[in-house]
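Residue-level structural notes
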Amino acid sequence: SSGINAEYGDCNWLVPIVRTFSGLFAYHDAPITYLHDTLLIYDGVLTLAREMEKRVLVRCFLEIQPYKPLDVLSPQFVTYLMSDENGRWEVSRNYYTDLLKRTNEGLKEGADVLGHVNWRFNEFGNPACMLLYLVSIELMCVPLPSTALPPTTDPLLAHRLAIGGKLVEAALSSRNPQLYNTLALLFSAIPGTHFSRAVFAKIAEILAEPANFYAEGWSSAAQSILLLTHSFFQHCKNDAVDYIHEFINENASHLQTESQVVYIFKLVSPFLRQWRNATQRKQILYSLYQVMFSLLSENSASNPDLFVDFMYFIKYIYVGDEFKSMLERHLPSLPTNVASKLKFCGADKSD
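Every residue gets a number counted from 1 within its own chain, in the order that chain's sequence is written. Reporting in this predicted model follows two pLDDT cut-offs: at least 70 for local features of residues, and 80 or more for side-chain atom pairs to be given and counted; totals over whole chains, interfaces and linings ignore these cut-offs and use all residues. Values shown for side chains rest on all heavy atoms present in the structure; no hydrogens or waters enter the calculation.

**Describing a nonpolar patch on the surface**
Each patch groups residues whose relative accessible area exceeds 30% and which form no salt bridge, using 9 Å between like charges and 5 Å between nonpolar side chains of Val, Leu, Ile, Met, Phe, Trp and Tyr. Exposure was quantified through the Shrake-Rupley algorithm and a 1.4 Å probe, taking into account, for residues, occlusion by the shown protein chains and nothing else. Salt bridge, as applied in this entry: a Lys or Arg side-chain nitrogen positioned within 4 Å of an Asp or Glu carboxyl oxygen. A surface patch of nonpolar side chains, amounting to about 310 Å² of accessible area, comprises Phe313, Tyr316 and Ile317. Its location among the elements puts Phe313 in helix H18 (residues 304-319). Among the residues examined, Phe313 registers a relative accessible area of 33% and is labelled partly exposed. A run of DSSP states H or I qualifies as a helix once it reaches four residues; a run of E qualifies as a strand once it reaches two. Both are numbered from the N-terminal end. For the exposure calls, accessible area comes from a 1.4 Å probe over protein chains only, and a residue counts as buried if that area is under 20% of its type's maximum, exposed if over 50%, partly exposed in between.

**Considering the packing of aromatic side chains**
Whether two aromatic rings pair depends on their centres lying within 6.5 Å, for rings of Phe, Tyr and Trp, where Trp uses its six-membered ring; planes under 30 degrees apart make the pair stacked, over 60 edge-to-face, and the rest tilted. In total, this model carries 22 aromatic pairs according to the counting rule given. The interplanar angle of 45° and the centroid separation of 6.2 Å between the aromatic rings of Phe77 and Trp89 together place this pair among those described as tilted. Here Phe77 is found in helix H6 (residues 75-82), whereas its partner Trp89 is found in the loop between H6 and helix H7 (95-108), with 12 residues between them in sequence. Side by side, Phe77 and Trp89 carry an identical accessibility label, which is buried. Three or more aromatic residues link up through ring pairs in this structure, and these residues are Phe200, Phe232, Phe233, Tyr243, Phe247 and Phe271. Counted as over-ring charges are cases with an Arg CZ or a Lys NZ within 6 Å of the ring centre that also lie within 35 degrees of the ring normal. Over the aromatic face of Tyr243 sits the side chain of Arg197, whose NZ or CZ is 3.7 Å from the ring centroid.

**Describing H7**
Expected span, for any helix, means 1.5 Å times one less than how many residues it has. The end-to-end C-alpha distance of H7, which contains 14 residues, comes to 20 Å, matching closely the 20 Å that a straight helix rising 1.5 Å per residue would cover. Taken together, the buried positions of H7 are Tyr95, Tyr96, Thr97, Leu99, Leu100, Thr103, Asn104 and Gly106.

**Thoughts on the side chain of Ser224**
Summarising the element assignment, Ser224 is placed in helix H13 (residues 220-235). Residues count as neighbours in contact if any of their non-hydrogen atoms are within 4.5 Å of one another. Apart from residues lying up to four places away in sequence, Ser224 is in contact with Leu172, Arg175 and Tyr180.

**Comments concerning the packing of helix H9 (residues 127-139) against helix H11 (residues 177-189)**
Running from amino to carboxyl end, H9 crosses H11 at an angle of 75°, the nearest separation of the two axes being 9 Å. Judged by the angle between their axes, H9 and H11 are roughly perpendicular. Contacts from Leu132, Val135, Ser136 and Leu139 of H9 reach H11 at Leu185, Leu186 and Ala189. Helix axes are fitted to C-alpha atoms over the stretch in contact, other axes to C-alpha atoms as well, and angles between N-to-C directions run from 0 to 180 degrees. Note on angle classes: values under 35 degrees are labelled roughly parallel, values over 145 roughly antiparallel, values of 65 to 115 roughly perpendicular, and the remainder oblique.

**What about helix H3 (residues 31-41)?**
Every buried residue of H3 is accounted for by Pro31, Ile32, Leu35, His36, Thr38 and Leu39. For H3, the angular spread of the buried residues around the axis is 165°, confining them to a single face. Throughout, the arc means the angular range of directions from the helix axis out to the C-beta atoms.

**Some details on the environment of Tyr214**
You can see Tyr214 is positioned in strand S1 (residues 213-214). In this structure the C-alpha to C-alpha distance between Tyr214 and Ser259, which are 45 residues apart in sequence, comes to 6.4 Å. Here Tyr214 is in contact with Ser219 and Ser259, once residues within four sequence places are set aside. Polar contacts here mean pairs of N or O atoms no more than 3.5 Å apart (in protein, one a potential hydrogen donor and the other a potential acceptor; neighbouring residues in sequence count only if both atoms are side-chain atoms). Among the polar contacts made by the side chain of Tyr214, one reaches the main-chain carbonyl oxygen of Trp218 at a distance of 3.0 Å.

**Here we look at the nonpolar core**
One broad trend across soluble globular proteins is that nonpolar side chains are buried collectively. Residues belong to a common nonpolar core when they are buried Ala, Val, Leu, Ile, Met, Phe, Trp, Tyr or Cys residues joined through side-chain atoms within 4.5 Å. Counting 109 residues, the largest nonpolar core has Tyr263 and Leu342 as the members making the most contacts within it. Once residues lying within four places of it in the same chain are set aside, the contact partners of Leu342 are Phe293, Val308, Met311, Tyr312, Leu327, Leu331 and Leu334.

**Focus: the pattern of salt bridges**
Counted according to the given criterion, the structure contains seven salt bridges. A salt bridge links Glu169 to Lys202, with the shortest nitrogen-to-oxygen separation between them at 2.8 Å. Residue Glu169 is found in helix H10 (residues 155-174), and its partner Lys202 is found in helix H12 (residues 197-207); the two are separated by 33 residues along the sequence. On the basis of relative accessible area, Glu169 is assigned to the partly exposed category, the value being 41%. Between Glu328 and Lys324 there is a salt bridge whose closest N-O contact spans 4.0 Å. Within this pair, Glu328 and its partner Lys324 are both found in helix H19 (residues 324-330), separated by four residues, close to a single helical turn. Overall, the relative accessible area of 45% leaves Glu328 in the partly exposed class. A single salt-bridge network, built from bridges that share partners, covers Glu169, Lys202 and Glu205.

**Topic: the packing of H10 against H11**
At their nearest, the axes of H10 and H11 sit 9 Å apart, and the two run at 160° to each other. Here H11 runs roughly antiparallel to H10, going by the angle between their axes. Read as a crossing pair, H10 and H11 show a hand that is left-handed. For the pair H10 and H11, the contacting residues are Gly164, Leu167, Val168, Ala171, Leu172 and Ser174 in the first and Leu179, Tyr180, Leu183 and Phe187 in the second. Crossing chirality is assigned from the near helix's rotation relative to the far helix, an anticlockwise turn below a right angle marking it left-handed and a clockwise turn marking it right-handed.

**Quick notes on the side chain of Thr182**
Inspection of the secondary structure assignment puts Thr182 in helix H11. Judged by its relative accessible area of 1%, Thr182 falls in the buried class. Ignoring any residue separated from it by four or fewer positions in sequence, one finds Thr182 in contact with Leu100, Thr103, Asn104 and Leu107.

**Description of the confidence of the model for the protein**
Detailed reading of the predicted coordinates is not advisable wherever pLDDT falls low. With 83% of its residues at a pLDDT of 70 or more, the protein has an overall mean of 81. When the criterion is pLDDT under 50, residues 1-9 qualifies, and its contacts beyond four places in sequence or with other chains add up to 12 contacts. For every residue, the predictor states its confidence as a pLDDT score lying anywhere from 0 to 100.

**Concerning the environment of Gly320**
Secondary-structure assignment places Gly320 in the loop between H18 and H19. A relative accessible area of 17% means that Gly320 is categorised as buried. Between the C-alpha atoms of Gly320 and Cys345, which are 25 residues apart in sequence, the distance is 9.1 Å.

In structure tokens, the structure reads:
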């Protein structure tokens, strides 16, 4: 009932109850996981309207744990948790970079950072898992002024996109592949896609700027987000993969040059075998087919054989004859030399 009241009713009673009975949290079998999941379930209410209640809840959970999890979190965040109702946190410019560096060091030296924890009786199997959950909790508590939020109809999504965007910028500005991987692990540890959508937002920003793509290659910014995205795809869950085909369709208008389309190939191709869900993979490949047909029909590709080869590869490795009807629909609009090379791509296996 407390969860229902937290979501729909008055929460003024929550702070004294949490303060009074916080000692009981120590007896929970998995206190960090429980706190993490509670924040996730009531994320919108606690983030947008119950900042103080959220702060007290997190502090009461963490400060009573015998292994002192507050010691591994950002000093700015701990000060914010300990402040009273009037306390405000003006997040510094370097906060996100420092957080990634601290998390990266903690992942490499987990046994030293959390060496006092008895892992035989802990809810987590190793220091890295606990650290990722604790930093995820911290990120879900970071406040942002309304002026820093991107325009969107969903205020919670805007809040998460803004924080995720700052983390992406911090990782990219560091030019440190280790921080790319750390950020990918963090985004993958947080359930849902609110934070990780910032990766796709950055890709869209790169695609929207034609100056990032030229015949000889891509800009350093495009190459950096490519590395970061590969790290993310290596760790991400199915909910992030679900969004890829939608992302390609939404940004099809930006895929006007051969270099941009090849860039999308480079983003997703290394992971096609890794994504075991056949429906997800088919949706992604269908979107890629549409992009290739659009470019080939305009006769603007300097190397059409590249796309022809990729279509045959998709057919024989992944989809078989499933895209035959789409191919037959597009063949009349293609240049004659390209259409003749693709005629076997639409043939049945019996042919």
